[in-house]
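So you can see what is in the structure, the chains are spelled out below.
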Amino acid sequence: RTMWKDRALAAVGVLYLASVSAFAPTPAVARLRPLTAASSRWTSIELHMQQQAPSPDKSWNFGRFAETFTFFNGNPLLKLVPFVSSGAPTVPRPSPVSTSSSETVVWDFSSINKDEFSALWAPLDDVVMGGVSASQITQAEHGASLSGVTTSQNNGGFCSARTRNVDPAYDLSGFTGVALRVKCERGMRYKIILRDREGWDTVAWCHSFDTVAGKWADLKVPFAAFIPVVRGNRITADNPIDASSVFSVQVMLSKYEYSGELNPNFTEGPFQLDFGPIRAYKDPTVMAEPRGQAMQL
């Protein structure tokens, strides 16, 4: 049985690597949009973002889809092999760091190295549903930056970065909500998303927030302000988010709000969202604005 299992795993690995290699996405450097005289329509800020971010694919990229899917959901071919675990990949839960009696850093960036960051965070763009928008997530002095280019081509229109599920989940039941510093040069509306169940395609607890163009702002979102969403559509949940079981976090820029509604503060094209460590906070007096307006610092 052991020999059969080893041979099966080897065969699955070969098939998978062959399929991904055949459709491998071009390197991020090769996808950088070149700057030309024709780019004069962009502002200097947009030019900078355009230079830094990967450009969208000309058509749907199976290789990038496979890369994204397996990062968050594992190798689907392993589901065909008996005696082999085929669940969604997880990472050991980073230890939260208490910074004060009222705040704890949950997802930090300064305390992890490049390999740990790459094992935890990855882009999750509309390529998973046939789109061609493209983004990247990188460490930065302030924390992290999500940059890319959104496009409505192929019925797409969103870019995001998400963590793999942590194991075990975070117990944030003693806190009011989550907080982070954010900045977007173009001042658009984003979403922060938490998940309180294992797996990658589970209920997404979402909250939309507006940024102030070029200004750092401190966003605080009570758990009570998160709404349940499945694949972009609002749903009715029997209970609020389970703050005692938080597996992952995600930040997203999308053409859409929820249930087909358009994002009123969205511009297609290059973007960059800078954000700091994601903290859990205790403050029962803090309430989110109706549209999650960040408080300017």
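Going by the structure above, here's the rest.
Let us look at the structure shown here. (Residues numbered from 1 in each chain as written. Predicted model: local features only at pLDDT ≥ 70, side-chain atom pairs only at ≥ 80, totals over all residues. Heavy atoms only, no water.)

Some remarks on the packing of aromatic side chains
This is how the line gets drawn: The aromatic pairing rule takes the rings of Phe, Tyr and Trp, using the six-membered ring of Trp, and pairs them if the centres are within 6.5 Å, calling planes under 30 degrees apart stacked, those over 60 edge-to-face and the rest tilted. With a 1.4 Å probe rolled over the protein chains alone, any residue whose accessible area is under 20% of its type maximum counts as buried; one over 50% counts as exposed, and the rest are partly exposed.
On inspection of all chains with the given rule, the structure shows 14 aromatic pairs. Taking 6.0 Å as the distance between ring centres and 70° as the angle between the ring planes, the aromatic pair formed by Trp60 and Phe62 counts as edge-to-face. A relative accessible area of 30% places Phe62 in the partly exposed class. Summarising the aromatic geometry, the rings of Phe69 and Trp200 are spaced 5.7 Å apart at their centres and angled 85° between planes, so their arrangement reads as edge-to-face.

What to know about the nonpolar core
Note the threshold: To qualify as a nonpolar core, a set must consist of buried Ala, Val, Leu, Ile, Met, Phe, Trp, Tyr and Cys residues joined through side-chain atoms within 4.5 Å. The numbering of helices and of strands both runs from the N terminus, where a helix is a DSSP run of H or I of at least 4 residues and a strand a run of E of at least 2. The contact definition used throughout considers only heavy atoms, calling two residues in contact when any of these lie within 4.5 Å.
Residues Trp107, Trp121, Phe223 and Phe275 are the most contacted members of the largest nonpolar core, which totals 44 residues. Here this core gets four residues from one element, more than from any other, and that element is strand 9 (residues 177-184). Excluding residues that lie within four positions of it along the chain, Trp107 makes contacts with Leu120, Thr163, Val166, Tyr170, Val246, Phe247, Ser248, Val249, Pro277 and Ile278. Residues Phe158, Cys206, Val229 and Tyr258 belong to the second largest nonpolar core, which totals seven residues.

Quick word on the pattern of salt bridges
Inclusion rule: Each salt bridge in this description consists of a side-chain nitrogen of Lys or Arg and a carboxyl oxygen of Asp or Glu lying within 4 Å of one another.
The tally for this structure, following the rule as stated, stands at eight salt bridges. Its salt-bridge partner being Glu185, residue Lys183 comes within 3.5 Å of it at the nearest N-O pair. With a closest N to O distance of 2.8 Å, Asp210 and Arg189 form a salt bridge. With Asp210 in strand 11 (residues 204-210) and Arg189 in strand 10 (residues 189-195), this residue pair connects regions lying 21 residues apart in the sequence. Here Asp210 matches Arg189 in class, with each residue buried. One connected set of salt bridges, linked through shared partners, spans Glu103, Asp218 and Arg279.

From the geometry alone we can't say anything about function, so treat these as descriptive.
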